[in-house]
Amino acid sequence: MARASGLASPDGSTRPTIFAEMTALAQSTGAANLGQGFPDGDGPEWIREIASAAIRDGANQYPPGRGIPELRQAIAAHQLRHYGIELDPEREVLVTAGATEAIAAAVLAFAGPGDEVVTLEPFYDSYAAAIAMAGAAHVTVPLVPGPDGFRLDSAALDAAVSERTRLILLNTPHNPTGTVLSRDELQLVADAARRADALLVTDEVYEHLTFDGDAHTPVATLPGMAERTLTISSAGKTFSLTGWKIGWIAGPAELIEAVTAIKQFLTYAGGAPFQPAIARALVDGDADIAELRDSLSARRDLLVAGLREAGFEVVVPGGTYFVCADAAPFLAEGDDGAAFARALPGRIGVAGVPISAFCHEGSAAAQALSSWVRFTFVKDERTLRTAVERLRELGGAGREPLR
């Protein structure tokens, strides 16, 4: 368990994200960029054509602050069709500028100085930033790697959640580990939230990108949890349209009202021509989702096999865009995953991201995962095969330390 806050360097300057740093390294070295998780290709053409038509038809000014009615209705219908969750699209759904805005608005709406916000660790970097901006304390619960993937540490969860816990911010399917939390694990989190009388905010942007029969379970479907859960998702990952930044948050009307009060002073509204396109995609895009999921599963297998052949220990992800691999066999004494990731583009022409970048500096999780690196398989097959071929150089060099 770790407690920390802040998003600046010790000298007070703002730090560039690890994704920006590694992408810059990839560009300067010509490396296959498996660091930043965005697709190489565009989303389905028919969805993009709807957005193009919306621009031509005049959807170029501010849309309603809560999102256009058609999109809110489509989100509500999506939740009902996939999960049996009933929502009032007028009062219980809010469209946001991607999931990141929804997360920030929810944290700012419900947490402040003296409160604690609990997340899993490793965690997506915007969580720490939003918690710091709210003035709350960030408390983490480690995910522990093992033969069944990265799993929740239930004892650490019990220790982390207390009477000071205002929010539990949960991400499943999980970035960066690829873990899809089981129903039993989700029940542990739900029980902890009820004991602390805390709200649960769930980041479910990879909800449809699960593999090998793993199924995503929204926490809001667990008994007694709908009234204390805010569910966040987006179209970016589901339809490979990450630049459109169309997300949403759904839950009890009084909670959505509080989030709306914050959101209106962040972006107010955005994505006018994209909203009708995503409304149609949520209704008619199931085949596109299935095609993407199958393609990602095959690309995941390609990258996992290549990493293992090179000599990495790999945890096979149940979902998302990412594979986590232990680079310990390639580290010189005193080096870690961050040093490895920074050296890799120049040495063999592959970029990844150190898992420590998703942890609080010096935390138990950061130490336990100090040699681990995250690679994305959302890139096209050619890029992945190039990366796998280059990774073989590590295994073929007698596993000499990477410098």
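What comes next concerns the included structure.

About the thresholds
- Residues numbered from 1 in each chain as written.
- Predicted model: local features only at pLDDT ≥ 70, side-chain atom pairs only at ≥ 80, totals over all residues.
- Heavy atoms only, no water.
- Pairing = 2+ DSSP bridges.
- Helix = DSSP H or I, 4+ residues; strand = E, 2+ residues; numbered from the N terminus.
- Contact = heavy atoms within 4.5 Å.
- Axes fitted to C-alpha atoms, helices over the stretch in contact; angles between N-to-C directions.
- Core = buried A, V, L, I, M, F, W, Y, C linked by side-chain atoms within 4.5 Å.
- Buried < 20%, exposed > 50% of the residue type's maximum accessible area, 1.4 Å probe, protein only.
- Expected span 1.5 Å × (residues − 1).
- Disulfide = S-S within 2.5 Å.
- Phe/Tyr/Trp six-rings, centres within 6.5 Å; stacked < 30°, edge-to-face > 60°.
- Salt bridge = Lys/Arg side-chain N within 4 Å of Asp/Glu carboxyl O.
- Parallel < 35°, antiparallel > 145°, perpendicular 65-115°, else oblique.
- Left-handed = near helix turned anticlockwise from the far one by under 90°.
- Nonpolar A, V, L, I, M, F, W, Y, C, P; charged D, E, K, R; others polar.

1. Quick notes on the sheet that holds strand 14 (residues 353–354)
The 4 strands lie next to each other as 11-12-15-14, forming an open sheet whose pairing is antiparallel. Of all the strands in the sheet, the pair left with one neighbour each is strand 11 (313–315) and strand 14. Direction of pairing for strand 14 relative to strand 15 (residues 372–376): antiparallel, over a ladder of 2 bridges. For V353, the partnering residue across the bridge sits in strand 15 and is R374. Where helix 12 (residues 337–348) meets the sheet, it contacts strand 14 and strand 15, and its direction lies at approximately 45° from that of strand 15.

2. Topic: the nonpolar core
Ranked by internal contacts, the top residues of the largest apolar core, which has 63 residues, are V107, I249, L307, F312, F340 and F375. For this core, the element with the most residues is helix 4 (residues 98–110), which contributes 8 residues. Not counting chain neighbours up to four residues away, the residues in contact with L307 comprise F312, V314, V323, A325, F375 and L391.

3. Let's talk about helix 4
For helix 4, built from 13 residues, the straight-helix expectation of 18 Å at 1.5 Å per residue is met to within 8% by its first-to-last C-alpha distance of 19 Å. Across the 13 residues that make up helix 4, a large majority, 10, are buried. Burial in helix 4 covers these residues: G98, A99, E101, A102, I103, A104, A105, A106, V107 and F110.

4. Quick word on the state of the cysteines
As enumerated under the stated definition, the model contains 0 disulfides in all. A disulfide-free cysteine, C359 has its sulfur positioned 9.8 Å from the sulfur of C324, the nearest such atom.

5. So, the packing of aromatic side chains
Using the criterion set out here, one finds 12 aromatic pairs in the structure. Look at Y206 and Y321: their rings are 5.3 Å apart centre to centre, the planes differ by 75°, and that puts the pair in the edge-to-face class. You can see Y206 sitting in the loop between strand 8 (199–203) and strand 9 (229–234) and its partner Y321 sitting in the loop between strand 11 and strand 12 (322–326), a full 115 residues away along the chain. Note on accessibility: Y206 and Y321 belong to one class, buried. Between F312 and F375 the ring centres are 6.0 Å apart and the planes differ by 80°, which places this aromatic pair in the edge-to-face class.

6. Concerning helix 11 (residues 286–310)
Side chains three or four residues apart in an α-helix point the same way, a direct result of the helix having 3.6 residues per turn. Given a rise of 1.5 Å per residue, 25 residues ought to cover 36 Å, and the 36 Å separating the end C-alpha atoms of helix 11 matches this to within 8%. A positive phi of about 115° marks G311, the residue just after helix 11.

7. Re the pattern of salt bridges
Applying the stated criterion across every chain yields a total of 18 salt bridges. The residue E116 makes a salt bridge to R164 at a minimum N-O spacing of 3.1 Å. Taken together, the residues E116 in strand 4 (residues 116–121) and R164 in the loop between helix 6 (154–160) and strand 7 (165–171) connect sequence positions 48 residues apart. Note on E116: relative accessible area 6%, which makes it buried. Classification of R164 by relative accessible area gives partly exposed; the value is 38%.

8. A closer look at the pairing of strand 12
In terms of burial, strand 12 is a largely internal element, 5 of the 5 residues being buried. In the sheet, strand 11 pairs with strand 12 via 3 bridges, with the strands oriented antiparallel. Residue pairing in the sheet places V314 in a bridge with A325 of strand 12. The hairpin turn running from strand 11 into strand 12, its antiparallel successor, is 6 residues long, and T320 in that turn takes a positive phi close to 80°.

9. Focus: the environment of A387
Along the chain, A387 falls in helix 14 (residues 381–395). Owing to a relative accessible area of 0%, A387 belongs among the buried residues under this scheme. Separated by 36 residues in sequence, A387 and A351 place their C-alpha atoms 8.7 Å apart. Other than its neighbours up to four places away in sequence, A387 contacts A32, L34 and V350.

10. Observations regarding the packing of helix 3 (residues 69–83) against helix 10 (residues 274–284)
Relative orientation of the contacting elements helix 3 and helix 10 amounts to 20°, with a least axis distance of 8 Å. Overall, the two elements helix 3 and helix 10 adopt an arrangement that is roughly parallel. With respect to the hand of their crossing, helix 3 and helix 10 are arranged in left-handed fashion. Contacts between helix 3 and helix 10 involve E70, L71, A74, I75, H78 and R81 on the former and, on the latter, Q275, I278, A279, L282 and V283. Tallied by class, the residues present in the contact of helix 3 with helix 10 amount to 7 nonpolar, 2 polar and 2 charged.

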